[in-house]
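# Understanding the architecture of this molecule
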Amino acid sequence: MTLASEQDGRSSDELARYLLGRGALAPEWTDVFKAVPRSLFLPDVFWAYDTTTGHSEHVARGDDPVGWERAAYRDVPLVTQWDDGRHTGTEPGFTGTSSASMPSVVASMLGDLEVSEGMRVLEVGTGTGWNAGLLAHRLGGENVVSVEIDPAVAARASNALKRAGLTPLVIEGDGRDGWAPGAPYDRVIVTAGVRVIPPRWLEQTRPGGVILAPWGTHYSNQDALVRLTVGEDGRAVGPFLRMVEFMKLRDQRLDWNLFRGHVRSFPGDADVSGTAMPLAELGDPYETPYFVTGLCVPDCAHVVNVGESGETGDAKAWFFDFRSRSWAAVVFTPGAADATVYQSGARRLWDEVEHALTWWIDGGRPEYDRFGLTVARDGGTTPWLDDPSNNLPFAGP
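First, a word on what this report is: a plain description of the structure on this page. Keep in mind the model is a prediction, meaning the values are calculated, not measured.

Conventions and cut-offs
Residues numbered from 1 in each chain as written. Predicted model: local features only at pLDDT ≥ 70, side-chain atom pairs only at ≥ 80, totals over all residues. Heavy atoms only, no water. Disulfide = S-S within 2.5 Å. Buried < 20%, exposed > 50% of the residue type's maximum accessible area, 1.4 Å probe, protein only. Core = buried A, V, L, I, M, F, W, Y, C linked by side-chain atoms within 4.5 Å. Helix = DSSP H or I, 4+ residues; strand = E, 2+ residues; numbered from the N terminus. Contact = heavy atoms within 4.5 Å. Polar contact = N/O pair within 3.5 Å; in protein donor to acceptor, adjacent residues only side chain to side chain. Pairing = 2+ DSSP bridges. Axes fitted to C-alpha atoms, helices over the stretch in contact; angles between N-to-C directions.

Going through the model one piece at a time under the given rule, you end up with zero disulfides. Here Cys 296 is not disulfide-linked; the sulfur of Cys 300 is the nearest cysteine sulfur, at 12 Å. Its relative accessible area of 1% is what places Cys 296 among the buried residues. You can call Cys 300 buried: its relative accessible area is 3%.

This part covers the nonpolar core. One finds Ile 197, Trp 215, Phe 319 and Trp 350 to be the most contacted residues of the largest nonpolar core, which totals 52 residues. A per-element tally of this core places helix 9 (residues 349-362) first, with six residues. When neighbours within four sequence positions are excluded, Ile 197 is seen to be in contact with Leu 202, Ala 213, Trp 215, Leu 228, Val 375 and Gly 379. Grouped together as the second largest cluster of nonpolar side chains are 47 residues, Trp 29, Val 76, Ala 154 and Phe 246 included.

Our next topic: the side chain of Lys 248. In this structure, Lys 248 sits in the loop between strand 11 (236-244) and strand 12 (271-275). Overall, the relative accessible area of 13% leaves Lys 248 in the buried class. Only 2.9 Å separates the side chain of Lys 248 from the backbone oxygen of Asn 221, close enough to count as a polar contact. Once residues lying within four places of it in the same chain are set aside, the contact partners of Lys 248 are Ala 192, Gly 193, Arg 195, Asn 221, Asp 223 and Arg 253.

What the four strands build is an open sheet, ordered 2-1-3-4; its pairing is antiparallel. Pairing within the sheet leaves two strands with one partner each, and these edge strands are strand 2 (56-60) and strand 4 (96-100). Between one strand and the next, the sheet's axes are offset by a mean angle of 40 degrees, whatever the strand orientation. Bridge analysis of strand 1 (residues 45-49) against strand 2 gives five bridges, and the strand direction is antiparallel. Along strand 2, the bridge assignment pairs Val 45 with Ala 60. Its contacts with the sheet place helix 3 (residues 65-72) against strand 1, strand 2 and strand 3 (78-82), and it is angled at close to 55 degrees to strand 1.

This is the structure in structure tokens:
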């Protein structure tokens, strides 16, 4: 039996064959994926992401058991909690706060982890428990620790793992702290987006061990999977592998309320200038320019409002500083040769962004996988291009 479509399946065997055929699943994980069904770890109600509409669709097992089973084995993310559990009803909530990741993402990350018999693994973000279950089946439950901050999510995952006959240690706690009693770990795998690598993850990973995490900056919601190797000196160094997007660790989510006082009136006392940089060069949220700009312009949040005067109207790109009241806005008018730049405060945010984009363009537009990250023992990060000795030219003051 083959998959009904590129994304649909009805069993673990079909899902494993599909992922193997796509190159997402390493051969050594094939039997594990067949033996540990994703459906065992899903609640009776979830919201499946529809790639056609871009919306999350409510799926209830009681209403449509066949549709629920089909959705369970589709290669799409499934939101299992909205708004930290405060959400009610069938419509999607405001913010997804727990989910079952796409099976292809789960499979690829497990392959990137490069585990072998006898290794100990710390997972940050238990979620449904499926990933912990896959690791426990491969390595033995005694070698897997998974930390989940949400009590209800942790309890549901623990119950699902018990029903599946799998015995990783599930800890209800803050993933930033890791789990020191189980250290040192050979591998740390993080299933939430992070903006800071907590020092305790480095402390709890043995020299030569690996930390695999979706990392990014607050410049956008985008993450890139980074594979860090911890050295004898306690630092961790490694390359970015590919673009992903995960729900963020709770204490590392971007709070847009931080910028409510930045622009009291527009344009107010802002300095006005122009730029020939087109809107298209800022990139798409899932493209390299967004990511690289975030690397080069620290402590900056960014959003683009398109068509503020209608679908064919102006687009306005906003930039906000975390450490001061500095802000910038660039108004791109269709058909105009130049955009209008407004900048306020001590920090010239648009100048920094333009500097970063110009550096990237002049350098031949290097893709994200040529970049990497060095993490100091205190969690401080230094991005680099091609080699850890080639630090990026930060555009900040």
